[in-house]
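Topology and contacts: notes
One-letter residues, chain by chain:
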Amino acid sequence: MEGIKGKAILGRVAVGKLFYYKKEKRQVRRVGDADPGTELHRYEDAVRAAEQELLGLYEKACREVGEVNAAVFEVHRMMLTDEDYRDSVVNIIEGQRVNAEYAVAVTGDNFQKLFSSMEDEYFKARAADVKDVSDRLHRILSGQEESHGLLEPVILMAKDLAPSETVQLDKKKLLGFVTEQGSLNSHTAILARTMNIPALVGVPVREEWDGHMAAIDGETGTLYVDPDPETLALLEEKQACAEEKRRLLLELKDKDDVTLDGKRIKLYGNIGSVADVAAVLRYNAAGIGLFRSEFLYLEKNTYPTEEEQFAVYKQVAEMMAGREVIIRTLDIGADKQAEYFALGHEENPALGYRAIRICLTKPEIFKTQLRAIYRASAFGTISVMFPMVASVWEVKRAKELAAEVRGELESHGIPFGSVSLGIMIETPAAAVISDRLAREVDFFSIGTNDLIQYTLAVDRQNERLEEFYDPHHEAVLRLIEYVVRSGHTAGCSVGICGELGADTALTERFLRMGVDELSVSPAFLLEVRERIRGTDLR
Amino acid sequence: MLVKEFRYTITDKIGIHARPAGELAKLTKEFQSRVKIRAGEKEAAAGRLMAVMALGIRNGQEIVVTAEGPDEERAAERLEEFFRNNL
């Protein structure tokens, strides 16, 4: 048995026969004294054919790995028709009177060198994309078809794998792949991750391994060639466990969030950007329980405009098609800083100028966000919640500002829907006076991360305090229970949107307390759903 | 003729990477004006994908975008919006 270390793209296991994928060597023959007219014509035809192929690949990739990851083929198409690239090919054909193949090869090499000599890892890696495009043109010019047939399920090994090759491989027969070149940032790596294929890069592959049994351990980044029976058994078990778990969870994709005794729980997803909505929909969450609006502020150099915000909120509301979307207003400060807010240095940022405190002292920023939210509410079901509340007056003031915004919209004849107003319960103060706060709002959402850190007075960023940071601390759970009770007494619904909401060891306890909604990161939706469906509250 | 120009500091984590560079090239072609991107000493036509990528513009780098032509006003406006939203 041989064990070779590489870098794992995905922490999964694959076991199977190795197949050495050899690219047909590109032999470029320089044909002198060619007719430029004919060669230019051949080149144009090849570009058109390549564009067609790339369009097809783009569509295939869209279906299999999503639009964002398919974009690499759009980029290839643009490289193909890039004016500098074209100018170079045309110049060589006309100036040197050579065949199109040769002109493409020289041009491709030059552009590859341009990228591979760049310092930045990202730009360096683009040389592979240029090569992919040039190889495609060259292959078409020499009249060859693309061949990517795998005859049986294999672990593919190759010196290097282009993004287009990765997408074209038959996923049913591709157990995993191992390459010598390629970085964890390459498009191929990204595609492998999205397609959920176990893969290693940086492994010095050898042609003589072709046909041998092998195993990829994605957890340790090791390729075992001719693994001994013990290693194999161990890895196969690892693999079987993971697969079984995944399969069982995926079966829950479209199932209802109902306990064994028939109580329906609202299982929602947390999102931090528009892209996350896809996962929420994929696992069929009933809504979005926490839309962190911060990214709109953190990605910018200046305050996002009402229009920019409106467009994003509207898009999310429309994508969720009537399911509830709870937008948390600006929660900046502490560990989330945007320079243009000029918040200044604070001794104690966690106890500092942040979230609702900024909103109430800079009402114009707050009202801009509220206006965008209200306008978007005409396109779906939107709720809004205010973070970091500690006192009743803060909620009253925030509600006044919301009322002002509604009044202004009305007087301008701008439509908006009915928007439920809620608050985050994340300070011990808010939890303790939750009976009073409940009279002011429609719902509570418990932010457990901050609630734990403030209740236990333990900074969660401080590694030395790890043993003191106890999310299951009785003080925290009692506060949560009290919040649920006082919320329900006043007719407020109560949800949990912090990390504790995804802690399946506590799901039953929360449901027994009467928690109406759990909102978790999309990656945990299925696990929590499984737990809900296995809970009997009788 | 006056040249419209604006400065912009890249906030995208990678920089002007392939996808937005492609979209930028597409957008630029909607205008008749000549649009250029200057980063330090280097300059490239915004409509040329490879040339823009070869500038290797990274996060935090300041660039100057100029538009020159009959629709330079609108071009500069739309491009600035594009940079703010995408980069």
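In this text the structure is predicted, and so the values were computed from the model without any measurement.

1. Structural notes on the overall build of chain B
When helices and strands are tallied, chain B shows three helices and four strands. Counting from the amino terminus, chain B carries its helices and strands in the arrangement β-α-β-β-α-β-α. Buried residues in chain B amount to 52% of all 87 residues. Partitioning the contacts of chain B with sequence separation of at least 6, the portion at a separation of at least 24 is 74%. If you sum the accessible surface of chain B, you get close to 4400 Å²; carbon and sulfur atoms cover 43% of it.

2. Describing the packing of helix α2 (residues 67-80) of chain A against helix α1 (residues 18-28) of chain B
Contact geometry of α2 of chain A with α1 of chain B gives a least axis separation of 9 Å together with a crossing angle of 55 degrees. Taken together, the axes of α2 of chain A and α1 of chain B lie oblique to each other. Handedness of the α2 of chain A/α1 of chain B crossing: left-handed. Residue-level contacts link Glu67, Val68, Ala71, Glu74, Val75 and Met78 of chain A of α2 of chain A to Ala18, Arg19, Gly22, Glu23 and Lys26 of chain B of α1 of chain B. Of the residues in the contact of α2 of chain A with α1 of chain B, the class split is five nonpolar, one polar and five charged.

3. Here's the deal with the pairing of strand β4 (residues 154-158) of chain A
Residue and element names in this part refer to chain A. For β4, the tally of buried residues reaches five of five residues, placing the bulk of the element in the interior. With burial as the criterion, each face of β4 is covered, one bearing Val154, Leu156 and Ala158 and the other bearing Ile155 and Met157. In this sheet, β4 lies alongside strand β3 (residues 13-20) in parallel orientation, the contact comprising four bridges. Residue pairing across strands places Leu18 opposite Ile155, the latter belonging to β4. Crossover connection from β4 via helix α7 (residues 163-168) to parallel strand β5 (residues 174-179): handedness right-handed.

4. Some words on the interface of chain A and chain B
Contact with chain A, which involves 26 residues of that partner, is made by 24 residues of chain B. Roughly 2100 Å² of surface becomes buried between chain A and chain B when both sides are summed, with 61% attributable to carbon and sulfur atoms. The tally of links from chain A across to chain B stands at seven salt bridges. Here Arg84 of chain B ties to Glu308 of chain A by a salt bridge, and the two come within 3.2 Å at their closest N and O atoms. For the interface between chain A and chain B, the tally reads six residue pairs in polar contact (both at pLDDT 80 or more). Elements supplying a minimum of two residues to the side of chain A that touches chain B: α2, α3 (83-96), α4 (100-116) and α5 (121-125) of chain A. Broken down by element, the side of chain A that touches chain B gets its largest block of residues, seven residues, from α2 of chain A. Split by residue class, the side of chain A that touches chain B holds 13 nonpolar, one polar and twelve charged.

5. Overview of the pairing of β5 of chain A
Residue and element names in this part refer to chain A. Taking burial as the measure, the six residues of β5 include five buried ones, the bulk of the element. With five bridges connecting them, β4 and β5 associate as parallel partners. Following the sheet pairing, Leu156 is matched in β5 by Phe177. In terms of strand pairing, β5 meets strand β6 (residues 199-201) through two bridges, oriented parallel. Looking across to β6, one finds that Val178 is bridged to Leu200.

6. As for the sheet that holds strand β14 (residues 443-446) of chain A
Residue and element names in this part refer to chain A. The sheet built from eight strands closes into a barrel, its strands ordered β9-β10-β11-β12-β13-β14-β15-β16 with parallel pairing. For this sheet, the mean inter-axis angle between neighbouring strands, taken without regard to orientation, is 25 degrees. Relative to strand β11 (residues 324-328), strand β10 (residues 287-292) is paired through four bridges, and the arrangement is parallel. Note that in β11 the partner of Gly287 across the bridge is Glu324. Lying over the sheet, helix α14 (residues 363-376) contacts β11, β12 (381-386) and β13 (420-425), oriented at roughly 160 degrees with respect to β12.

7. Describing the packing of aromatic side chains
All names here are of chain A. The full count for this structure, using the stated rule, is 14 aromatic pairs over all chains. Between the aromatic rings of Tyr122 and Phe123, the centroid separation amounts to 5.1 Å while the plane-to-plane angle is 85 degrees, which identifies the pairing as edge-to-face. Put simply, the rings of Tyr297, Tyr303, Tyr340 and Phe341 touch in pairs and so form one group of aromatic residues. The cationic tip of Lys314 hangs over the ring face of Phe379; the distance from NZ or CZ to the ring centre is 4.9 Å.

8. Re the sheet that holds strand β1 (residues 4-9) of chain B
Residue and element names in this part refer to chain B. Strand order in the open sheet formed by four strands is β1-β4-β2-β3, with antiparallel pairing between adjacent strands. The sheet is open, and its two borders are formed by β1 and β3 (42-45), each paired with just one other strand. Sheet twist, expressed as the mean angle between neighbouring strand axes with direction ignored, is 20 degrees. Judged from the six bridges that link them, β1 and strand β4 (residues 62-68) form a sheet pairing that is antiparallel. Bridged to Lys4 within β4 is Ala67. Each of β1, β2 (34-39) and β4 is contacted by helix α3 (residues 72-86), which is oriented at about 5 degrees to β1, the strand it contacts most.

9. Brief notes about the environment of Pro415 of chain A
All names here are of chain A. By the element assignment, Pro415 lies in the loop between α15 (392-411) and β13. Sequence separation of Pro415 and Tyr374 is 41 residues, and the distance between their C-alpha atoms is 8.4 Å. Apart from residues no more than four positions distant in its own chain, Pro415 is found in contact with Tyr374, Arg375 and Ala378.

10. Observations concerning the nonpolar core
Core analysis: the largest hydrophobic core is formed by 91 residues, its most contacted members being Phe291, Phe341, Ile480 and Phe510 of chain A. Ranked by residue count, the leading element in this core is α14 of chain A, at seven residues. The next biggest cluster of nonpolar side chains, apart from the first, holds 84 residues, and it includes Phe73 and Val98 of chain A together with Ile16 and Ile57 of chain B.

11. A closer look at unusual backbone geometry
All names here are of chain A. For Arg97, which is not glycine, the phi torsion reads 50 degrees and is therefore positive. Within the secondary structure, Arg97 is located in the loop between α3 and α4. You can call Arg97 partly exposed: its relative accessible area is 39%. The backbone phi angle of Met388 is positive, close to 65 degrees, even though this residue is not glycine.

Conventions we followed
- Throughout this document, residue positions are counted from 1 along each chain, in the order its sequence is written.
- By the order in which they are written, chains take letters starting at A while ligands take numbers starting at 1.
- In keeping with the model being predicted, local features are shown solely for residues with a pLDDT of at least 70 and side-chain atom pairs are shown and tallied solely at 80 or more, while totals for entire chains, interfaces and linings include all residues.
- By convention in this description, side-chain values take in all heavy atoms of the structure and omit both hydrogens and water.
- Labels follow the DSSP assignment, with helices taken as runs of H or I lasting at least four residues and strands as runs of E lasting at least two, numbered in each case from the N terminus.
- A 1.4 Å probe rolled over the protein chains alone gives each residue an accessible area, and that area as a share of the maximum for its type sets the label: buried under 20%, exposed over 50%, partly exposed in between.
- Whether two residues touch is decided by their heavy atoms; if any such pair falls within 4.5 Å, the residues are in contact.
- The method behind every accessible area is Shrake-Rupley, applied with a 1.4 Å probe, and residues are considered shielded solely by the protein chains displayed.
- Interaxial angles span 0 to 180 degrees and are taken between N-to-C directions of axes, which are lines fitted to C-alpha atoms, for helices over the stretch in contact.
- Working rule for angles: under 35 degrees goes down as roughly parallel, over 145 as roughly antiparallel, 65 to 115 as roughly perpendicular, anything else as oblique.
- Each helix crossing is assigned a hand: it is left-handed if the near helix lies turned anticlockwise from the far helix by less than a right angle, otherwise right-handed if that turn is clockwise.
- Gly is placed with the polar residues, together with every amino acid not listed as nonpolar (Ala, Val, Leu, Ile, Met, Phe, Trp, Tyr, Cys and Pro) or charged (Asp, Glu, Lys and Arg).
- DSSP bridges decide pairing: two strands pair if at least two such bridges lie between them.
- Orienting the strands away from the viewer, one traces the path from the first strand over the helix to the second; a clockwise path indicates a right-handed crossover.
- The term buried area denotes the loss of accessible surface (1.4 Å probe radius) that occurs when two parts are joined, taken as the sum for both partners.
- The rule for a salt bridge is simple: a side-chain nitrogen of Lys or Arg has to be within 4 Å of a carboxyl oxygen of Asp or Glu.
- The definition of a polar contact used here is a pair of N or O atoms within 3.5 Å, where within protein one atom must be able to donate a hydrogen and the other to accept one, and adjacent residues in sequence count solely through side-chain atom pairs.
- Geometry of aromatic contacts follows a simple scheme: Phe, Tyr and Trp rings, the Trp one being its six-membered ring, pair when their centres are within 6.5 Å, and the pair is stacked under 30 degrees between planes, edge-to-face over 60, tilted otherwise.
- Placement of a positive charge over a ring is assigned whenever Lys NZ or Arg CZ falls within 6 Å of the ring centre and within 35 degrees of the normal to the ring plane.
- Definition of nonpolar core: a set of buried residues of the types Ala, Val, Leu, Ile, Met, Phe, Trp, Tyr and Cys, connected through side-chain atoms within 4.5 Å.

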